[in-house]
Amino acid sequence: MRWWDIDAVLALEKDLFPEDAWSRGMFWSELAHARGAAATRRYVVAEDGERLVGYAGLAASGDLADVQTIAVARDHWGTGLGGVLLTELLRAATAFECAEVMLECRIDNVRAQRLYERYGFEAIGFRRGYYQPGNVDALVMRLNTQSDSGSAAGPTSEQGTEING
């Protein structure tokens, strides 16, 4: 993801997460930590032709990584693109030498939970009222990247879609 992707990312963000969409400033702040030798973030976008159809981001600190966001355009749901984006984040976690990857997922987003479980994530707890303003709980999930937990399982590409970091 680059600064010129932010407008398209924001449009997709507002469509998919209308109640708790990230702001332009939040994306700028994340991208500021994604370049150079001291980078602690990895953000990627997926494009279908000229159209941005997905994006994802990961933050690393020490031996812990956190999936910050994954989003796929509605007309690309069920195509495997979420798995492609997650695979890119897990590769980044490995490059950052992280032993664990954490994430929060809306408790009502069963599709996303199933994706994460296919990649070896396990539910470890809840964060009550995490998603605001809707006061929706988050399911906290964790993947131990040091074990053979299946983090590399699943699709590695989607025909016609290009992943750009």
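Values in this document were obtained by computation on a predicted structure and should not be read as measured data. (Residues numbered from 1 in each chain as written. Predicted model: local features only at pLDDT ≥ 70, side-chain atom pairs only at ≥ 80, totals over all residues. Heavy atoms only, no water.)

## Section: the environment of R35
Looking at the element boundaries, R35 is found in the loop between α2 (24–32) and β1 (41–48). Judged by relative accessible area, which is 39%, R35 ranks as partly exposed. Here the side chain of R35 touches M1 through a polar contact of 2.9 Å, landing on its backbone oxygen. (Helix = DSSP H or I, 4+ residues; strand = E, 2+ residues; numbered from the N terminus. Buried < 20%, exposed > 50% of the residue type's maximum accessible area, 1.4 Å probe, protein only. Polar contact = N/O pair within 3.5 Å; in protein donor to acceptor, adjacent residues only side chain to side chain.)

## Some points on a nonpolar patch on the surface
Residues W3, W4 and W28 make up a contiguous nonpolar surface patch of roughly 430 Å² in combined accessible area. Mapped onto the elements, W28 comes out in helix α2. Look at W28 and you get partly exposed, because its relative accessible area is 42%. (Patch = residues over 30% accessible without salt bridge, like charges linked within 9 Å, V, L, I, M, F, W, Y side chains within 5 Å. Areas by Shrake-Rupley, 256 points an atom, 1.4 Å probe, with all protein chains shown as cover. Salt bridge = Lys/Arg side-chain N within 4 Å of Asp/Glu carboxyl O.)

## Focus: the packing of aromatic side chains
Here the structure, examined in full by the defined rule, presents five aromatic pairs. Look at F27 and Y55: their rings are 5.9 Å apart centre to centre, the planes differ by 85°, and that puts the pair in the edge-to-face class. A residue pair is termed long-range when its members are at least 10 positions apart, and F27 in helix α2 and Y55 in strand β2 (residues 51–61) qualify at 28 residues. Among the aromatic residues, those joined into a cluster by ring pairs are W22, F27 and Y55. (Phe/Tyr/Trp six-rings, centres within 6.5 Å; stacked < 30°, edge-to-face > 60°.)

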